[in-house]
Amino acid sequence: MAAAQGRLSDGAGGMDDAKDGHGNAGRAAQAPLTFLAAVDALRSARLRPQVEIEQVPPPQRLAPFAYALEATVVDGEQELADGRLVLLYDPAGHEAWRGTFRLVTLVRAELEPEMAADPLLPDVCWSWLTGALQTRGLTYGEPSGTVTRASSHYFGGLSARPAASQIEIRASWTPREGLGGVPDTAAHLASWCDLLAQVAGLPPAGPGDASVVTLPQRRGPQSH
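The sections below set out a description of the structure shown in this document. Keep in mind that what you see is a predicted model, and the values were worked out from it rather than measured.

What counts and what doesn't
- Residues numbered from 1 in each chain as written.
- Predicted model: local features only at pLDDT ≥ 70, side-chain atom pairs only at ≥ 80, totals over all residues.
- Heavy atoms only, no water.
- Buried < 20%, exposed > 50% of the residue type's maximum accessible area, 1.4 Å probe, protein only.
- Helix = DSSP H or I, 4+ residues; strand = E, 2+ residues; numbered from the N terminus.
- Pairing = 2+ DSSP bridges.
- Phe/Tyr/Trp six-rings, centres within 6.5 Å; stacked < 30°, edge-to-face > 60°.
- Axes fitted to C-alpha atoms, helices over the stretch in contact; angles between N-to-C directions.
- Parallel < 35°, antiparallel > 145°, perpendicular 65-115°, else oblique.
- Left-handed = near helix turned anticlockwise from the far one by under 90°.
- Contact = heavy atoms within 4.5 Å.
- Nonpolar A, V, L, I, M, F, W, Y, C, P; charged D, E, K, R; others polar.
- Salt bridge = Lys/Arg side-chain N within 4 Å of Asp/Glu carboxyl O.
- Expected span 1.5 Å × (residues − 1).

What to know about the pairing of strand E6 (residues 164-175)
Burial of E6 is extensive: 10 of the 12 residues sit out of reach of the surface. Here strand E4 (residues 99-111) runs beside E6; their pairing, made up of 9 bridges, is antiparallel. Bridge pairing links leucine 106 to arginine 170 in E6.

Set out below in structure tokens:
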């Protein structure tokens, strides 16, 4: 499947290189079927067309098996937000996760300084994450994360640039396992893309999204 239409790109090397979670085809046969099924579900997800998504090399030391995706929310030639989603799997289980799977994410977007100064913004951004999961009826456990606001002011030779502010959401949660011990990773990916769209200031994808709050007054988007 190709990127740019809300779909996953095959990525360098395709599925075989990702089977062991570290792009090592020599270990592909060692990857548990449960993990491979979760990855296959990610690759089958149908997403909104503004989200361009591709496979990238996963982190090496967070879990025995991992699979990573990067996404950009695009409107024409403009990038509105970006992020990364990593699926971790430890067949032996992990005490802190209270499960064998874990999803880890980073989401970023630029804001108007006035919006970034809103004291309620961190709480609202966290509610966007949990709301995106709940809207799709997903069950999960052990959520944790941070919402960070950063502002840049320019001086001297850069003084002509306007002040810039960015919101960054870092989070992780344990998706509840379903049939065969495999969580509904496709639905979790879709909810994550819903979060990206909210942070980017896009309207809800369809009817019935009363809990969605779009982000007003975001800074002008960046060009490709």
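Concerning unusual backbone geometry
Even without being a glycine, arginine 98 presents a positive backbone phi close to 60 degrees. By secondary structure assignment, the location of arginine 98 is in the loop between strand E3 (78-94) and E4. A residue is classified by how much of its surface remains accessible, and arginine 98, at 63% relative accessible area, is exposed.

Some remarks on the packing of aromatic side chains
Enumeration according to the criterion identifies 4 aromatic pairs in this entry. Judged by centre distance (5.7 Å) and plane angle (35 degrees), the rings of phenylalanine 35 and phenylalanine 65 are tilted. With phenylalanine 35 in helix H1 (residues 33-44) and phenylalanine 65 in strand E2 (residues 65-75), this residue pair connects regions lying 30 residues apart in the sequence. One exposure class covers both phenylalanine 35 and phenylalanine 65, and it is buried. A ring pair is formed by phenylalanine 35 and tyrosine 89, whose centres lie 6.0 Å apart and whose planes are at 20 degrees; its orientation type is stacked. Placement of the pair is phenylalanine 35 in helix H1 and tyrosine 89 in strand E3, with a sequence separation of 54 residues. Per residue, the accessibility class of phenylalanine 35 equals that of tyrosine 89, and both read buried. Among the aromatic residues, those joined into a ring-pair cluster are Phe35, Phe65, Tyr89 and Phe101.

Let's talk about the packing of H1 against helix H4 (residues 185-200)
Running from N to C, H1 and H4 point in directions that differ by 45 degrees, and their axes come no closer than 7 Å. By the angle between their axes, H1 is oblique relative to H4. Between H1 and H4 the crossing geometry is right-handed. Residues Ala38, Ala41 and Leu42 of H1 form the contact with H4, whose participating residues are Thr185, Ala186 and Leu189. Classifying every residue of the contact of H1 with H4 by side-chain character gives 5 nonpolar, 1 polar and no charged.

Digging into the packing of helix H3 (residues 121-135) against H4
Closest axis-to-axis distance for the H3/H4 pair is 8 Å, and the angle between their directions is 145 degrees. Both H3 and H4 take part in a crossing whose hand is right-handed. Contact residues: Cys125, Trp128, Leu129, Ala132 and Leu133 in H3; His188, Ser191, Asp194, Leu195, Gln198 and Val199 in H4. Partitioning the contact of H3 with H4 into residue classes produces 7 nonpolar, 3 polar and 1 charged.

Description of the pattern of salt bridges
In this structure the tally under the stated criterion is 5 salt bridges. Ionic pairing is found between glutamate 70 and arginine 84, a salt bridge with its closest N-O pair at 2.6 Å. Within this pair, whereas glutamate 70 is found in strand E2, its partner arginine 84 is found in strand E3, the two being separated by 14 residues in sequence. According to the relative accessible area criterion, arginine 84 is partly exposed, its value standing at 28%. Among the ionic pairs, arginine 98 bridges to glutamate 142, the shortest N-O distance being 3.4 Å. You can see arginine 98 sitting in the loop between E3 and E4 and its partner glutamate 142 sitting in strand E5 (residues 140-152), a full 44 residues away along the chain.

Some words on H1
Between its terminal C-alpha atoms H1 stretches 16 Å, which fits the 16 Å expected from 12 residues at 1.5 Å a residue. Of all the residues in H1, the buried ones are Phe35, Leu36, Ala38, Val39, Ala41, Leu42 and Arg43. Against the buried residues of H1 lie strand E1 (51-56), E2, E3, E4 and H4.

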